[in-house]
Amino acid sequence: MLYKVRLWRENLNNHTQGIWANAAAIIGQSFIIDGRSVHWQSAWVSVALVLCALRYLLERYCLRALNRQAETPPPGWQTMLLSAGAIASAMLWSLNAVVGMPDYSASEKFSVMIIISALAGGATGTLASMRIVGKLYIASLLLPTCLAMWLSGDDHLAILAVLGTIFALIMLHSHQNNFRLLDNTLRLTDEKETLIRQLSENNRHISDVNSHLEQRIQERTQALEFLANHDPLTSLLNRRGFLSYSYQAGTVQRQQTLIFIDLDHFKDINEDMGHDHGDRLLQAFSQRLSHEVAKLAAFIGASDYPICRWGGDEFVVCLLREVNPSDDSTPHYRQLHAALSASYQIGPHQVHLGLSAGIFESLTDSMPQTKQALACADIATSEAKKNGRGQISFYSDNSYAMQRRRLKLAQALTQAHQDDSLTLQFQPILTASSLQIVTYEALLRWQHPDYGPVAPDEFIALAETSHAIQTIGRWVLEQACRQAASWPIGAGHGRPCKVAVNTSIRQLVQPDFATLVGNTLAATGLAPSRLIIEVTESVLDERNMGRASATLHTLHQLGVEIHLDDFGTGYSSLSRLRELPFDALKIDKSFVIGMDEKSLTVVEAALLIARKYGLRVIAEGVETAAQMHTLQQMGVDELQGFYLGKPANNTTV
Ligand code: C2E
Ligand code: MG
Ligand code: MG
């Protein structure tokens, strides 16, 4: 509260007491003064009382006005009137004393003097809040009366006048002290209130800051929680979020379908388009995945369906249903697979994304079971990949056995070239016209200590998924060259046979492959013209061609022949045939063994293309004399097959 307002309130409160004291004194005086000798006394009493009443009314009015506007200092006219009322009262008293002095008896004079002195004494308190008015009031009460007594010529009164004046001075001093005391008290109260207000404002500010901080901490905690459980690129759950995903465990076990998705050849897509576009593809895929899984969940009645980016290009979907469905959901899964495989427009690129998915269905009521289920779905995905990618595979016990076998084989493969379990067999390739052996194809054999002989189609594919293909490939090249270098000049055509070495695309894209071949030829003493490198159609794929092309050209310049193996089984652009230095096409055995109309068309087409590009044509898989005759008549240059010679440890040269 403002100091002035507080002082004003103090003023008004004290004023009431002063007015009452004044009124009491006026009434007391009327009893003391003998009205018969002082005839104007009753008129004075009336005027004094009326003035008291007016002052009282004014004081009430001011107090009410102050209560209405507690914070507003009084208008000037209120203080003026109130002060004037007080001074008028004092002057009325001194008028009474001065005028009445000649008429009053001695005891009346003393009584009046005592009353006036008492009023002056009281005013030091009741008017303590009015610094000037209080002093004027005291002075107006006492000094004129003392002067009148001094001038009266009466010695007694003169002494009284001196005493009265001294008393007046003491009262004035006392009033000044009271005023200071009150003034200090009010100022201190004001300061105290200001301090309390500031303190409470500070407290409020601190509690505001605290609650704001609490809210921010809560928001930050939620953001951190989200970051810890979600993949920042796709906003899907991450591994941690997925494994700690808590769905309400019901009273009954729930049907759980886990779909493990692996994007096919995503690494190549990433390298071709750049990592930024690769990231955008992952985001586009994730969005479509979320949308399609929500649709699938609605179809099959799954209440929960957490979706997770398991890592890199792997995603996991878990669908949970209350009831064990009676109908088969396979068509829905296939629809999901088809929707996700449709093309994606990423910047200037239209990307056709293949995906291999493994599905495992089981009953569950908790996440630990989901972990086991995940392993099964992962196995099913490997199965899908092994079967040629771009498809769905369902987990079965057989898948598990196959997975275990693959794992054991993959492990054993890394050591195979050191433990003598690898051997090479050689299968002859003959000219179609004179049936003379011109080449032996080196075919790798592997005897696993537990599983026995393992087919190259199986273990080569496994080796290609790891670094093992490099070490095994080096071993084959070295062995094949070394053995071929020891072959004598073949009877019949007067030239030593060539050796054909199958080469994986993973070996071919290594930048130092041509150097390796050159070094091996030099180390084994085999003439480059006696080596044939057989490559599959994967070399024509645009993702490999750039890197393989330089290697193949270097090898060709060395004098090494390059043959395109398994011709007809791939689906690469044949127009690229021209860009690579091929010497021959090897028609895949599936077109020879079948020998139906369609197969013959492929053989004819191969012959046409080969003639156009000046290449020789070799047909593999000749099992019968009839097949041999047909191929001879069609104009195939060389033949290979069980009918003409099976793969064997020793060559006949
Ligand atoms: P490929 O290069 O097309 O080899 C020819 C395959 O056809 C061989 O199977 C051979 O035994 C088989 N074959 C030959 N004549 C006939 C026939 O008249 N009838 C039938 N049914 N089959 C015949 P193999 O030895 O099982 O090799 C399979 C594949 O494994 C090879 O196909 C080749 O792609 C791969 N492979 C074999 N050895 C190596 C190697 O050292 N390195 C690499 N990278 N791949 C190899
Ligand atoms: Mg071959
Ligand atoms: Mg072949």
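On a predicted model such as this, the values are computed, not experimentally measured, just so you know. Here the residue index of a chain counts from 1 through its sequence in written order. Chain A is the first chain written and ligand 1 is the first ligand written, with later ones labelled in order. The model is predicted, so local features are restricted to residues of pLDDT at least 70 and side-chain atom pairs to those at 80 or more, both for listing and for counting; the totals for chains, interfaces and linings are taken over all residues. Derived side-chain values reflect all non-hydrogen atoms in the structure, with water molecules and hydrogen atoms excluded from consideration.

### What about the overall build of the protein?
Stage number 1. When helices and strands are tallied, the protein shows 20 helices and 16 strands.
Stage number 2. Every radius of gyration here is taken over C-alpha atoms, with the globule rule written as 2.2 Å times N^0.38, N being the number of residues. The globule rule puts the C-alpha radius of gyration for 653 residues at 26 Å, and the 58 Å found for the protein is more than 25% above it.
Stage number 3. Here the C-alpha coordinates of the protein stretch approximately 180 × 60 × 45 Å along the principal axes.
Stage number 4. A contact between two residues is defined here by any heavy atoms of the two lying within 4.5 Å. For the protein, restricting intrachain contacts to residue pairs at least 6 apart in sequence, the fraction spanning at least 24 positions comes to 71%.
Stage number 5. Using a 1.4 Å probe, accessible areas were evaluated by the Shrake-Rupley method; residue-level cover was limited to the displayed protein chains. With the model as given, the accessible surface of the protein reaches about 32700 Å², and the carbon-plus-sulfur share is 57%.
Stage number 6. His is not counted, nor are the chain ends; Lys and Arg add positive charge and Asp and Glu add negative charge. Every charge is mapped onto a representative atom, which is NZ of Lys, CZ of Arg, CG of Asp or CD of Glu. Averaging the locations of the 54 positively and 63 negatively charged side chains of the protein gives two centres separated by 6 Å. Counting from the N terminus, the helices are the DSSP runs of H or I reaching at least four residues and the strands are the DSSP runs of E reaching at least two.

### Some remarks on the coordination of the magnesium ion (ligand 3)
Stage number 1. Each metal site lists N, O and S donors within 2.8 Å (3.2 Å for Na, K and Ca). With water left out of the atoms, a site can look as if it is missing ligands. Taken together, the protein ligands of the magnesium ion (ligand 3) are Asp565 (OD), Asp566 (OD), Glu620 (OE) and Glu620 (OE), with distances of 2.1 to 2.5 Å.
Stage number 2. All donors of the magnesium ion (ligand 3) come from a single chain, and their spacing in sequence reads D-D-x53-E.
Stage number 3. Between the magnesium ion (ligand 3) and the magnesium ion (ligand 2) the interatomic distance comes to 4.0 Å, and Asp565 is a ligand of both metals. Of this pair, Asp565 sits in strand β13 (residues 561-567) while Glu620 is found in the loop between β15 (616-619) and α20 (625-634), placing the two residues 55 residues apart along the sequence. Each member of the pair, Asp565 as well as Glu620, carries the same accessibility label: buried. Burial here depends on accessible area, computed with a 1.4 Å probe over protein chains only, as a share of the maximum for the residue type. Under 20% is buried, over 50% is exposed, and the range in between is partly exposed.

### Some points on the packing of aromatic side chains
Stage number 1. Pairs were defined over the aromatic rings of Phe, Tyr and Trp, the Trp ring being its six-membered one, requiring ring centres within 6.5 Å. Orientation was assigned from the angle between planes: stacked under 30 degrees, edge-to-face over 60, tilted for the rest. Following the criterion strictly, the structure yields 12 aromatic pairs and no others.
Stage number 2. For the pair Trp20 and Tyr56, a centre-to-centre distance of 5.5 Å together with 55° between the ring planes defines the contact as tilted. Taken together, the residues Trp20 in helix α1 (residues 3-32) and Tyr56 in helix α2 (residues 41-68) connect sequence positions 36 residues apart.
Stage number 3. Look at Trp20 and you get exposed, because its relative accessible area is 54%.
Stage number 4. You can call Tyr56 partly exposed: its relative accessible area is 26%.
Stage number 5. Look at Phe242 and Trp310: their rings are 6.4 Å apart centre to centre, the planes differ by 90°, and that puts the pair in the edge-to-face class. Within this pair, whereas Phe242 is found in helix α7 (residues 239-243), its partner Trp310 is found in strand β2 (residues 307-311), the two being separated by 68 residues in sequence.

### Overview of the environment of Ala302
Stage number 1. Relative to the helices and strands, Ala302 is located in the loop between α9 (275-300) and β2.
Stage number 2. Along the chain, Ala302 and Arg254 lie 48 residues apart, while their C-alpha atoms are 9.9 Å from each other.
Stage number 3. If near-sequence neighbours (up to four positions away) are discounted, Ala302 is found in contact with Ala297, Leu319, Leu320 and Arg321.

### What about the pattern of salt bridges?
Stage number 1. The salt bridge criterion pairs a side-chain nitrogen of Lys or Arg with a carboxyl oxygen of Asp or Glu, the two atoms within 4 Å. Counted according to the given criterion, the structure contains 20 salt bridges.
Stage number 2. The shortest N-O distance in the salt bridge between Lys295 and Glu292 comes to 3.4 Å. Remark: Glu292 and Lys295 occur in helix α9; sequence separation between them is three residues, near one turn of the helix.
Stage number 3. Under the relative-accessibility criterion, Glu292 is labelled buried at 14%.
Stage number 4. The residue Arg616 makes a salt bridge to Glu638 at a minimum N-O spacing of 3.0 Å. Of this pair, Arg616 sits in strand β15 while Glu638 sits in strand β16 (residues 638-639), and the two are 22 residues apart along the sequence.

### A few points about the nonpolar core
Stage number 1. Take the buried residues of types Ala, Val, Leu, Ile, Met, Phe, Trp, Tyr and Cys, join any two whose side-chain atoms come within 4.5 Å, and each joined set is a nonpolar core. Membership of the largest hydrophobic core comes to 72 residues, with the highest contact counts inside it found for Leu531, Val539 and Phe582.
Stage number 2. Ranked by residues supplied to this core, first place goes to helix α14 (residues 468-486) with nine residues.
Stage number 3. Non-local contacts of Leu531, meaning those with residues more than four positions away in its chain, are made with Leu477, Cys481, Val499, Val501, Val517, Leu521, Leu526, Val560 and Glu561.
Stage number 4. Within the second largest apolar cluster, 40 residues are counted, among which are Ile19, Leu160, Ala161 and Ala168.

### Details of the coordination of the magnesium ion (ligand 2)
A metal bound by six donors in octahedral fashion has ideal angles of 90 or 180 degrees, whereas one bound by four tetrahedral donors has an ideal angle of 109.5 degrees.
Stage number 1. Around the magnesium ion (ligand 2), the protein supplies Glu441 (OE), Asn502 (OD1), Glu534 (OE) and Asp565 (OD) as donor atoms, at distances of 2.0 to 2.2 Å.
Stage number 2. Sequence positions of the donors to the magnesium ion (ligand 2) reduce to the motif E-x60-N-x31-E-x30-D.
Stage number 3. Glu534 sits in the buried class, given a relative accessible area of 2%.

### Notes on the site of ligand 1
Stage number 1. Taken together, 23 residues sit near ligand 1, with Arg445, Asn502, Asp565, Glu623 and Phe642 positioned nearest.
Stage number 2. Here an oxygen atom of ligand 1 and a side-chain polar atom of Arg445 are 2.9 Å apart.
Stage number 3. Two N or O atoms form a polar contact when they lie within 3.5 Å of each other; inside protein one atom must be a possible hydrogen donor and the other a possible acceptor, and for residues adjacent in sequence the pair counts only when both atoms belong to side chains. Contact between ligand 1 and Asp566: an oxygen atom at 3.0 Å from a side-chain N or O atom of the residue.
Stage number 4. The fraction of the free accessible surface of ligand 1 (790 Å²) that becomes covered by protein chains is 87%.
Stage number 5. Sorting the residues of the shell around ligand 1 by element identifies β9 (437-448), α13 (456-464), β13 and α18 (589-594) as the ones contributing at least two each.
Stage number 6. Of the residues forming the shell around ligand 1, the biggest block, four residues, is contributed by β9.
Stage number 7. Basically, the charged four are Asp, Glu, Lys and Arg, the nonpolar ten are Ala, Val, Leu, Ile, Met, Phe, Trp, Tyr, Cys and Pro, and anything else, Gly included, counts as polar. Split by residue class, the shell around ligand 1 holds nine nonpolar, five polar and nine charged. Being near a molecule or strand, for a residue, means having at least one of its heavy atoms within 4 Å of it.

### Side note on the domain arrangement of the protein
Stage number 1. Domain annotation of the protein identifies domain 1 (2-190), domain 2 (239-395) and domain 3 (418-639).
Stage number 2. Put simply, the middle of domain 1 and the middle of domain 2, counted by C-alpha atoms, are 100 Å apart. Note that domain bounds follow an automatic or database assignment of domains.

### Section: the packing of α2 against helix α3 (residues 76-100)
When two helices pack together, their arrangement is given by the angle between their axes and by how far apart the axes lie.
Stage number 1. For helices, the fitted axis covers only the stretch in contact; all axes are lines through C-alpha atoms, and the angles between them, taken along N-to-C directions, range from 0 to 180 degrees. Viewed as axis vectors pointing N to C, α2 and α3 meet at an angle of 160°, and their least axial separation amounts to 10 Å. Overall, the two elements α2 and α3 adopt an arrangement that is roughly antiparallel. Handedness of the crossing formed by α2 with α3: left-handed. Side by side, α2 and α3 meet where Gln41, Trp44, Val47, Ala48, Leu51, Arg55, Leu58, Glu59, Tyr61, Cys62 and Ala65 of the first sit next to Trp77, Gln78, Leu81, Leu82, Gly85, Ala86, Ala88, Ser89, Leu92, Trp93 and Asn96 of the second. With respect to orientation, any angle under 35 degrees is reported as roughly parallel, any angle over 145 as roughly antiparallel, any angle of 65 to 115 as roughly perpendicular, and every other angle as oblique. By convention, the crossing between two helices is left-handed when the near helix turns anticlockwise from the far helix through less than a right angle, and right-handed when the turn is clockwise.

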